[in-house]
Amino acid sequence: MLDKLMQKFKELYGADGELRTYFAPGRVNLIGEHTDYNGGHVFPCALTLGTYAAVRSRNDRVLRFYSMNFDSFGVVETSLDDLVPNKEASWTNYPKGVMWAFEKRGMKLSHGLDIAIYGDIPNGSGLSSSASLEVLTGVILKDIFGFEQVSMAEIALIGQDAENNYNGCNCGIMDQFASAMGKKDHAVFLDTNTLNYEYAPVKLPDAKIIITNSRVKHSLVDSAYNDRRNECETALRELQEVVNIHSLGELSEEEYEEHKGAIKDAVRQKRAKHAVYENQRTIRAVGALKANDITLFGQLMNASHISLKDDYEVSCEEIDILVDLAWKTEGVIGSRITGGGFGGCTVSIVKNEAVDTFVNEIGEAYFEKVGHRAEFYVVDIGDGAGRLS
Ligand code: GLA
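How each quantity is defined
Residue positions within a chain follow its written sequence, with the count starting from 1. Residues qualify for local features only when their pLDDT is at least 70, as the model is predicted, and side-chain atom pairs are given and counted only at 80 or more; totals for whole chains, interfaces and linings, by contrast, use all residues. Remark: hydrogens and water are excluded; side-chain values derive from all non-hydrogen atoms of the structure. Numbering of helices and strands starts at the N terminus; helices are DSSP runs of H or I of at least 4 residues and strands are runs of E of at least 2. Contact criterion: two residues are considered in contact whenever any of their non-hydrogen atoms come within 4.5 Å of each other. All axes are obtained by fitting lines to C-alpha atoms, using only the stretch in contact for helices, and the reported angles, taken between N-to-C directions, cover 0 to 180 degrees. Any angle from 65 to 115 degrees is called roughly perpendicular, while one under 35 is roughly parallel, one over 145 is roughly antiparallel, and all others are oblique. Crossing chirality is assigned from the near helix's rotation relative to the far helix, an anticlockwise turn below a right angle marking it left-handed and a clockwise turn marking it right-handed. For this classification, the nonpolar set comprises Ala, Val, Leu, Ile, Met, Phe, Trp, Tyr, Cys and Pro, the charged set comprises Asp, Glu, Lys and Arg, and every other residue, Gly included, is treated as polar. Pairing between two strands requires that DSSP report at least two bridges joining them. Residues belong to a common nonpolar core when they are buried Ala, Val, Leu, Ile, Met, Phe, Trp, Tyr or Cys residues joined through side-chain atoms within 4.5 Å. When accessible area is computed with a 1.4 Å probe and restricted to protein chains, residues below 20% of their type maximum are described as buried, those above 50% as exposed, and intermediate ones as partly exposed. Summary of the distance rule: residues count as near a molecule or strand when at least one heavy atom falls within 4 Å of that molecule or strand. Pairs of N or O atoms are called polar contacts if they sit within 3.5 Å, as long as, within protein, a hydrogen donor faces a hydrogen acceptor (for residues adjacent in sequence, only side-chain-to-side-chain pairs). Only the protein chains shown count as cover for residues, and the accessible areas themselves come from Shrake-Rupley with a 1.4 Å probe.

**Q** Let's hear about the side chain of Thr-282: which residues, and what values?
**A** With respect to the helices and strands, Thr-282 occurs in helix 8 (residues 266–290). Once residues within four sequence positions are removed from consideration, Thr-282 is found in contact with Ile-31, Gly-32, His-41, Val-42, Phe-43 and Phe-189.

**Q** Could you give an account of the packing of helix 2 (residues 93–104) against helix 3 (residues 129–144), naming the residues involved and the relevant values?
**A** Here helix 2 crosses helix 3 at 45 degrees, and the two axes come no closer than 8 Å. Between helix 2 and helix 3, the angle is such that the two are oblique. Crossing of helix 2 over helix 3 shows right-handed handedness. Residues Tyr-94, Pro-95, Val-98, Met-99 and Phe-102 of helix 2 form the contact with helix 3, whose participating residues are Ser-130, Leu-133, Glu-134, Thr-137, Gly-138, Leu-141 and Lys-142. Here the residues of the contact of helix 2 with helix 3 are counted per class, giving 7 nonpolar, 3 polar and 2 charged.

**Q** Go over the sheet that holds strand 7 (residues 186–191), please, and point to the residues and values.
**A** Taken in spatial order, the 3 strands line up as 2-7-8 in an open sheet, and their pairing is antiparallel. Only two strands of the sheet have a single neighbouring strand rather than two, namely strand 2 (41–42) and strand 8 (197–201).

**Q** Outline the nonpolar core, supporting the account with residue identities and numerical values.
**A** One finds Met-99, Phe-102 and Leu-113 to be the most contacted residues of the largest nonpolar core, which totals 44 residues. Looking at this core element by element, the count peaks at 7 residues for helix 3. Each residue touching Leu-113, except ones within four places of it in the same chain, is listed here: Val-55, Arg-56, Ser-57, Arg-58, Val-62, Leu-63, Arg-64, Met-99, Ile-140, Leu-141, Ile-144 and Phe-145. Counting residues in each nonpolar core, the second largest holds 40 residues, with Val-216, Cys-316, Ala-354 and Val-355 among its members.

**Q** Describe the sheet that holds strand 12 (residues 375–378), naming the residues involved and giving the relevant values.
**A** One open sheet accounts for 4 strands, arranged 10-11-9-12; its pairing is antiparallel. Unpaired on one side and paired on the other, strand 10 (332–338) and strand 12 mark the two borders of the sheet. Put simply, the sheet's adjacent strands are angled 20 degrees from each other on average, direction ignored. In this structure, strand 9 (residues 207–217) lies alongside strand 11 (residues 343–351), joined through 8 bridges in antiparallel fashion. Among the inter-strand pairings, Lys-217 is bridged to a residue of strand 11, identified as Gly-343.

**Q** How would you explain the site of the ligand if you had to name every residue and give the values?
**A** Around the ligand sit Arg-27, Glu-33, His-34, Asp-36, Tyr-37, Cys-171, Gly-172, Met-174, Asp-175, Tyr-225, Gly-339 and Gly-340, and that is every residue in its neighbourhood. Contacts to the ligand include Gly-172, whose backbone N or O atom sits 2.9 Å from an oxygen atom. Between an oxygen atom of the ligand and a side-chain N or O atom of Asp-175, the distance comes to 2.6 Å. For the ligand, whose unbound accessible area comes to 310 Å², protein coverage reaches 92%.

Below is the structure:
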């Protein structure tokens, strides 16, 4: 693929000068959903799917962007003096947002760039194609402009800043962190309150991690995401009247039950309950994985789904169909919705001998019920972002 990208680059921008290439992965979250903006824990891993870039420096202030995934936009030309969001320029707002966030931190970009992009994360699937594009841009800027002081964790934070304040989605840190900090064959156990993290090996000799893409994306996504976040912030303020905490992630289940009466609305109580219980589930799940208790890990994934469906209400009919089918399939250790919700993907752990049945039978049953086909990917856990050549 890289060859095709470089060929395309030369075709569009000419062949002279030094060409550098980079990659940043997408992610799948194993457990710990909607906890990252509540000061809780998450447990994502980087995929081998992601976004590639070929880049060359220019000696003026012009920026040229091209994506093989958005070929119809052609080459989008702008300048370092025009780093403002522009609806029509669609996908280029992600790299531009990261440039804006670097400059905001005093890291001035001294010259323009020619950039060509290709990504193999299915669009709109909830596997963080936008976070991967942000982290990719961060890695490019660090390398090309020699910002050696910028750590990979800082690149994740810059990506989140760009997403929050340039692109208007109030996301947490999980996606960018997984893309920047991922490690082959490991998941990242991240405490979003402190940004302390630990790599946990994901060794599953008898099973595979399978992502199932429902291929639906409900239009609610961004607004409902921001609503959930606001509901949790209000619930936190109400709880702070009776208990000394800075985030929902600081509460145990027992403490939540003791104090939940301070939350004055039944819906907000459910949202906060999910945030608290999901955080504790995540901590427990990582313990189970370390103890090789994959059965318990699977049960906690299932419980996560029920909580996301009933208390957090971020699932949807198509995703529930996929999860129900998975739960009924022999050899499935656990299955849940993954990512922001309202469509996107499920993540399942499936015994090796059941993988074919899983893909074929669930594939057929989903098609019959929903009228379009799901897509299945057996996960390979890859490394975080970096320069390729
Ligand atoms: C999206 C956001 C993340 C996280 C998840 C839900 O992917 O970008 O920050 O909140 O949803 O866990």
